[in-house]
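# Fold and contact review
Chain residues, written in single-letter form:
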Amino acid sequence: MSDQLSTPRAAALYIGALLGPGLLLLPGLAARIAGPASILAWLGLLLLSALFAIVFTSLGVRFGSRSGVAGYVTRAFGPRAGRAATWCFVTGVVLGAPLVCLIGGGYVASLFGGGRVATVLIAVVMLVAVVALTMGGTRTSSAVQVGLVIVLVTLIAAAVLGSYGHLRADRWTPFAPHGWASIGRAAAILMLSFVGWEAIAPMTGRLREPARQLPRVIAIAFAVSAISYLALAAATVGVLGADGGGRAPLAELMQVAIGPAGRAIAAIAAVGLTLAAVNAYVSGAAEMIAELHPNPRVRAALPIAIGAVGVVVLALAAADALSTDRLVGLPTTLFLTVYLLCMLGACRLLCGAARAAAALASVVVATVLTFCGWPVLVAAFVAAVPLIRKGRIPSRAMHIDTESVVEPRCEMSVA
């Protein structure tokens, strides 16, 4: 089948899901929150990612899923829980779309010396473009996603290696200027960079030999993303210092690495990455909604909702009533809630080492959630609505019947 993926191509797509637009902002933001100690938050989340790798490999090989993490939650706990995961994910996408556009807008505005208003205006243009593409049925092709992965990894390598000679040891002291609790707050924000593990579910069906290919795909993706994250985080602190390079840290590093042209290259890459990533996530959220609800009007309403929410968010940003740094917490908390539900579901579905990994990941995710602050209340409300709503739950939800909640069978699990 032409739609089947080779191991290298699948790994590239998976890397693209893990290395998202968050890398354009979050290394600098984490440095501002926790100083050099933010590197410990990166290390902790990479260990969490290793646990995710074990769990999603096991779930993908054993079950697969057209509905992503929501499908696993449905299989473990039933349709209501699956709906809770779906709406948390979709709400995270709706709130995250204008955020990502603001990040991309910040890179373009910094190129011309523009301020807050310029950033918002550029973000509006990008958000309108994404909504128009989505409503027109346009999806980011796998070839484009692979191309963007190559561009992003090359950009990170150029920024890190090119700025190596500008590293300063004194940038690492004091190590924890804002206290050790700031590491937890940084981790709560940085989790947005680790959203993407759910991409393995629909991809599993496109692999020729999932049982053989999937572990290799995840191992390659984890290794590349781990090296990229740590290298960029270390360079951000060691070269740019505690302020993390402001709103465009990667552009600052590129300028240090190759001169003024570096800032322009980073801005162009930021625009392409922003448009492709938001389009991919909006399209993925639309697919999840389609699996959940048979009415095509519900799916069609998603880009309209993103546009409406985007208008409000960007207007608040233009009025300086809502900063990019504060906005990051909302979608991050919603995605964390999705992962918590999925890891708890994996504890029910899997056995052996995979179940142990899921249990430990559940504890870590729950701990990170305690540092998220008031957005936890928003996530709890979004998750609670489908859980307490009365009435008939369609049996087609997630393509899993209401009778399909399973008990773990250790002899079938993949460790």
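Just above sits the structure.
Quick summary incoming for the structure in this document. Treat the numbers as computed from the prediction; the structure is a model and nothing was measured.

### Some points on the overall build of the protein chain
Of regular secondary structure, the protein chain possesses 17 helices and zero strands. Looking at the protein chain as a whole, 54% of its 415 residues qualify as buried. Expressed as a percentage of contacts within the protein chain between residues at least 6 apart in sequence, the contacts between residues at least 24 apart total 85%. Entry remark: accessible area of the protein chain is about 16,500 Å², with carbon and sulfur atoms responsible for 68%.

### What about a nonpolar patch on the surface?
Together, Leu-40, Leu-43 and Trp-180 make up a nonpolar patch on the protein surface, roughly 310 Å² of accessible area in all. Within the element layout of this structure, Trp-180 appears in the loop between helix H7 (142-162) and helix H8 (181-190). The exposure class assigned to Trp-180 is exposed, which follows from its relative accessible area of 58%.

### Focus on the side chain of Ser-49
Relative to the assigned elements, Ser-49 resides in helix H3 (residues 38-62). Given the relative accessible area of 2%, Ser-49 is considered buried. Apart from the residues within four sequence positions on either side, Ser-49 is in contact with Phe-194, Trp-197 and Phe-222.

### Brief notes about the layout of surface pockets
In this model, the second largest pocket occupies a volume close to 280 Å³. Every residue lining the second largest pocket is counted, 15 residues in all, and those nearest its centre are Arg-116, Thr-119, Arg-247, Ser-323 and Thr-324. The set of elements that each furnish at least two residues to the lining of the second largest pocket consists of helix H5 (79-112), helix H6 (116-135) and helix H14 (324-327). A class-by-class count of the residues in the lining of the second largest pocket yields six nonpolar, four polar and five charged.

### Things to note about helix H4 (residues 69-77)
For H4, the tally of buried residues reaches seven of nine residues, placing the bulk of the element in the interior. Among the residues of H4, those classed as buried are Val-69, Ala-70, Gly-71, Tyr-72, Val-73, Thr-74 and Ala-76. Count one or two residues on from H4 and you reach Gly-78, which has phi positive near 105°.

### Looking at empty space enclosed by the protein
Overall, the coordinates contain three cavities of 30 Å³ or more when judged by the stated rule. What the largest cavity holds in volume is close to 270 Å³. Looking at the largest cavity, it is lined by 19 residues, and the ones nearest its centre are Pro-21, Val-100, Leu-192, Tyr-281 and Phe-335. No other element matches H5, which puts six residues into the lining of the largest cavity. Residue composition of the lining of the largest cavity, grouped by class: 14 nonpolar, five polar and no charged.

### Quick look at the pattern of salt bridges
Per the counting criterion, the structure on display carries four salt bridges. As a salt-bridge pair, Asp-170 and Arg-168 come within 2.7 Å of each other at their nearest N and O atoms. Residue classification places Asp-170 among the partly exposed residues on the basis of a relative accessible area of 43%.

### A look at the environment of Ala-276
With respect to the element layout, Ala-276 can be found in helix H12 (residues 260-292). As for Ala-276 and Gly-20, which are separated by 256 residues in sequence, their C-alpha atoms are 9.8 Å apart.

### Quick look at the packing of aromatic side chains
One pair of aromatic rings is described through two measures. These are the centre distance and the angle between the planes. The tally for this structure, following the rule as stated, stands at six aromatic pairs. With a centroid separation of 6.3 Å and 85° between ring planes, the pair formed by Phe-56 and Tyr-339 is classed as edge-to-face. Remark: Tyr-339 occurs in helix H15 (residues 329-349) and Phe-56 occurs in helix H3; sequence separation between them is 283 residues. Note on accessibility: Phe-56 and Tyr-339 belong to one class, buried. Taken together, a centroid distance of 6.2 Å and an interplanar angle of 50° make the contact between Phe-175 and Trp-180 tilted. Here the aromatic cluster, defined as three or more aromatic residues joined through ring pairs, consists of Phe-52, Phe-56 and Tyr-339.

What counts, and at which threshold
Residues numbered from 1 in each chain as written. Predicted model: local features only at pLDDT ≥ 70, side-chain atom pairs only at ≥ 80, totals over all residues. Heavy atoms only, no water. Helix = DSSP H or I, 4+ residues; strand = E, 2+ residues; numbered from the N terminus. Buried < 20%, exposed > 50% of the residue type's maximum accessible area, 1.4 Å probe, protein only. Contact = heavy atoms within 4.5 Å. Areas by Shrake-Rupley, 256 points an atom, 1.4 Å probe, with all protein chains shown as cover. Patch = residues over 30% accessible without salt bridge, like charges linked within 9 Å, V, L, I, M, F, W, Y side chains within 5 Å. Salt bridge = Lys/Arg side-chain N within 4 Å of Asp/Glu carboxyl O. 1 Å grid on protein atoms, 1.4 Å probe; cavity = no way out; pocket = protein on both sides within 12 Å on 5 of 7 lines; lining within 4 Å. Points joined across faces, edges and corners; volume = space filled by probe spheres on them. Nonpolar A, V, L, I, M, F, W, Y, C, P; charged D, E, K, R; others polar. Phe/Tyr/Trp six-rings, centres within 6.5 Å; stacked < 30°, edge-to-face > 60°.

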